[in-house]
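So you can see what is in the structure, the chains are spelled out below.
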Amino acid sequence: MQIAGIALIATFLALIIKEQKPTFAFLLILFTGCAIFLFLVDQIHGIIATIEVLAANAGINMMYVKTILKIIGIAYIAEFASHISKDAGMGAIAAKVELAGKILILALAVPILTVLIDTIINMMPVR
């Protein structure tokens, strides 16, 4: 509820300020987005810790878990940066940020895909 309240207040203030000082309105939205993210850091930390405990209990290699968490982090950060760029009217930069995020995700996923393919090949009966 607090986050929704902060977002609504910032949105209304930005709409009012935008007419007189568009730069200040953008900065207000940018700082509000960052503040909301910082407000959620404790929640994110708790989620990551829970996932790591579950993975350890299941006997999953932590390298895979950490890689997947990095992929999720890249996706969220790229989306956040893309939205900020779009809010600033820089759609071309937003598209490049999204592309960069996708390429980084693919680069991180290659080792996992390699292990997955090797596992599938090893499970196949020998001909």
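Predicted, not measured: the structure shown is a model, and the values here were computed from it.

### Remarks on the environment of Leu-30
Right, on to step 1. Looking at where Leu-30 falls in the secondary structure, it is placed in helix 2 (residues 22-58).
Right, on to step 2. Given a relative accessible area of 22%, Leu-30 falls into the partly exposed group.
Right, on to step 3. When the C-alpha atoms of Leu-30 and Asp-87 are compared, they prove to be 8.9 Å apart, with 57 residues separating the residues in sequence.

### What about the layout of surface pockets?
Right, on to step 1. By volume, the largest pocket amounts to about 730 Å³.
Right, on to step 2. What lines the largest pocket is a set of 23 residues, and nearest its centre among them are Phe-37, Ile-44, Tyr-76, Ile-77 and Phe-80.
Right, on to step 3. Listed by contribution, the elements that provide at least two residues to the lining of the largest pocket are helix 1 (2-18), helix 2 and helix 3 (62-87).
Right, on to step 4. Residues of the lining of the largest pocket, tallied by class, amount to 16 nonpolar, 5 polar and 2 charged.
Right, on to step 5. Of the pockets and cavities examined, the second largest pocket occupies roughly 180 Å³.
Right, on to step 6. In terms of lining, the second largest pocket is formed by Thr-11, Ala-14, Leu-15, Lys-18, Pro-22, Ala-25, Phe-26, Ile-29, Asp-87 and Ala-88.
Right, on to step 7. At the level of elements, helix 1 and helix 2 are the ones that each hand at least two residues to the lining of the second largest pocket.

### Some remarks on the side chain of Thr-67
Right, on to step 1. Relative to the assigned elements, Thr-67 resides in helix 3.
Right, on to step 2. At a separation of 2.7 Å, a polar atom in the side chain of Thr-67 contacts the main-chain carbonyl oxygen of Met-63.
Right, on to step 3. With sequence-adjacent residues up to four places away left out, Thr-67 is seen in contact with Leu-108 and Ile-112.

### Points about the pattern of salt bridges
Right, on to step 1. Per the counting criterion, the structure on display carries 2 salt bridges.
Right, on to step 2. Across the pair Lys-66 and Glu-52 runs a salt bridge whose closest N-O atoms are separated by 3.2 Å. Remark: Glu-52 occurs in helix 2 and Lys-66 occurs in helix 3; sequence separation between them is 14 residues.
Right, on to step 3. The class for Glu-52 is partly exposed, based on a relative accessible area of 24%.
Right, on to step 4. Ionic pairing is found between Lys-86 and Glu-98, a salt bridge with its closest N-O pair at 3.3 Å. Here Lys-86 is found in helix 3, whereas its partner Glu-98 is found in helix 4 (residues 91-123), with 12 residues between them in sequence.

Conventions and cut-offs
- Residues numbered from 1 in each chain as written.
- Predicted model: local features only at pLDDT ≥ 70, side-chain atom pairs only at ≥ 80, totals over all residues.
- Heavy atoms only, no water.
- Helix = DSSP H or I, 4+ residues; strand = E, 2+ residues; numbered from the N terminus.
- Buried < 20%, exposed > 50% of the residue type's maximum accessible area, 1.4 Å probe, protein only.
- 1 Å grid on protein atoms, 1.4 Å probe; cavity = no way out; pocket = protein on both sides within 12 Å on 5 of 7 lines; lining within 4 Å.
- Points joined across faces, edges and corners; volume = space filled by probe spheres on them.
- Nonpolar A, V, L, I, M, F, W, Y, C, P; charged D, E, K, R; others polar.
- Polar contact = N/O pair within 3.5 Å; in protein donor to acceptor, adjacent residues only side chain to side chain.
- Contact = heavy atoms within 4.5 Å.
- Salt bridge = Lys/Arg side-chain N within 4 Å of Asp/Glu carboxyl O.

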